[in-house]
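Coordinates in review
Residues per chain are reported as follows:
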Amino acid sequence: MRNTELIKKAYKIAKDQYADLGVDTDAAMAKMKDVVISLHCWQTDDVGGFETPDAELSGGGIQATGNYPGKATTIDQVRTDLEQVLSLLPGAQRLNLHAIYGDFQGEKVDRDQIEVRHFQSWIDWCKEQGIGMDFNASCFSHRRAADGYTLSSKNEENRKFWVEHLKRCRAISAEIGKQLGSPCVHNTWIPDGSKDIPVDRNGYRTQLKKSLDEATAFKYPKEYMKDAVESKLFGIGLESMTVGSHDFYLGYAIKNNLLICLDSGHFHPTEQVGDKISSCLQFVDEMLLHVTRPVRWDSDHVVTLNDDVQLIASEVMRNNFLSRVNLGLDFFDASINRIGAYVTGTRATQKAFLFAALEPTKKLIELEENEKYFERLALLEELKTMPYSAVWDYYCLQEAVPVGVDYIEEIGKYESEVLARRSHNLSKHV
Ligand code: RNT
Ligand code: ZN
């Protein structure tokens, strides 16, 4: 374990150095209490869920690659994993649950049959943990999604089925928010689209609009639940058209005062989600982010501290948007220790926010407004090598979580004591 005195000493020096730039490090750390990250349950089991004993992810543009041992296969295992993750993170978190993770108790419950009772044990778990909870309709990995269309389907039976699923998910979300005393963000993402050049783009989009109108007709109080819709550029097998494109959902969100959800992997690689925040928030009250790391495509790699994530965090912090931007994660890597991946990706996101909180924004804007562009560039560059890590380490120390590399060892222990003992680990790691 680290030498606490050394961490404190390094922090003191860093505090003085930042003060020279007019930055208050204590105030920056205090801001972190509002950086609440919603933990996507699906990093624990590669988006499997618990509908059937051996639920496997199939199609729909979602693909977790890898077969690292230790995947959670029961609700208890997911909870144990999440508790481990929570114990290694500074700051506050929420749980982000997909509908396929219901506590079905071995009962076969189709998506148009789910009720609050199937999620009560999750609500209770969140209450025990003292955290809020978000929710997602699961419009994939299902026979009624096999033809590539759900809410935008031209098959009326299928379309109605997914509308019913979404209605129920929204009702469950409202009850979650009510019971936990914190609004539940419900996100809708659908895999609908076409591999090859479609002709009736308009027809599918008209169907999607109709389905969303039907499913969201009942309005719940904002203190209970908020609706978000997630756009996407393309997916594997849906290269030629995604029905729920960015234009579609941004328009829908603005018109109906919903949250727009931006996933960092759902745009052209040269577009940056960080640049979109100040545009969207001119027209919608709130938004939801799915922070992830696309590598060449929407690959959902573990988040690392890179320029894209930094721009997102900086834009949120510079503009005091924390009360309008809901923070979620959306990566799923099955090729490395899943719990280690979870903690690394979440901590990287938190690091970006702390770095952003340490920016002398006023000074930078002043330089910008005076056309001092060299000075702006130089200051932005110098900030990158300020003793940022001393502040991060001290923040972790204060939050009573492992400092720096120390969490790697904790993950190692968890792997040998818990993950490695899971029965299905007998299968070979490929
Ligand atoms: C898929 C979307 C969506 C899912 C989760 C599981 O491309 O990003 O958010 O990853 O809902
Ligand atoms: Zn997403």
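Keep in mind the model is a prediction, meaning the values are calculated, not measured.

What follows covers the site of ligand 1. Looking at ligand 1, the residues that line it are Trp42, Ile62, His98, Trp189, Glu230, Lys232, Asp263, His266, His290, Asp298, Asp330 and Phe332. With respect to ligand 1, the side chain of histidine 98 contributes an N or O atom lying 2.8 Å from an oxygen atom. In the model, an oxygen atom of ligand 1 is placed 3.0 Å from a nitrogen or oxygen of the aspartate 263 side chain. About the coverage of ligand 1: the protein hides 99% of its 310 Å² of free accessible area. Here the shell around ligand 1 is composed, by residue class, of four nonpolar, three polar and five charged.

Here the focus is the environment of serine 87. Mapped onto the fold, serine 87 is located in helix α3 (residues 75-87). Serine 87 sits in the partly exposed class, given a relative accessible area of 38%. Placed 256 residues apart in sequence, serine 87 and valine 343 show a C-alpha to C-alpha distance of 9.6 Å. Not counting chain neighbours up to four residues away, the residues in contact with serine 87 comprise Val401 and Pro402. Reaching out from serine 87, the side chain makes a polar contact with the backbone oxygen of glutamine 84 at a distance of 2.7 Å.

With that settled, the discussion passes to the pairing of strand β4 (residues 184-188). Successive residues of a regular strand alternate their side chains across the two faces of the sheet. Counting buried residues along β4, five of its five residues qualify, which places the element largely inside the surrounding structure. Neither face of β4 is exposed, since Cys184, His186 and Thr188 on one face and Val185 and Asn187 on the opposite face are all buried. Bridge analysis of strand β3 (residues 132-136) against β4 gives two bridges, and the strand direction is parallel. Within β4, the position partnered with phenylalanine 135 by the bridge is histidine 186. The pairing of β4 with strand β6 (residues 225-230) spans five bridges and is parallel. When the sheet's bridge partners are listed, histidine 186 is paired in β6 with aspartate 227.

With that out of the way, let us pick up the confidence of the model for the protein chain. Here the protein chain averages 95 in pLDDT, and 96% of its residues register 70 or above. Note on residues 426-430: pLDDT is under 50 here. Beyond four places in sequence and across chains, it has eight contacts.

About the thresholds
Residues numbered from 1 in each chain as written. Chains lettered and ligands numbered in written order. Predicted model: local features only at pLDDT ≥ 70, side-chain atom pairs only at ≥ 80, totals over all residues. Heavy atoms only, no water. Near = heavy atom within 4 Å. Polar contact = N/O pair within 3.5 Å; in protein donor to acceptor, adjacent residues only side chain to side chain. Areas by Shrake-Rupley, 256 points an atom, 1.4 Å probe, with all protein chains shown as cover. Nonpolar A, V, L, I, M, F, W, Y, C, P; charged D, E, K, R; others polar. Helix = DSSP H or I, 4+ residues; strand = E, 2+ residues; numbered from the N terminus. Buried < 20%, exposed > 50% of the residue type's maximum accessible area, 1.4 Å probe, protein only. Contact = heavy atoms within 4.5 Å. Pairing = 2+ DSSP bridges. pLDDT = per-residue confidence, 0-100.

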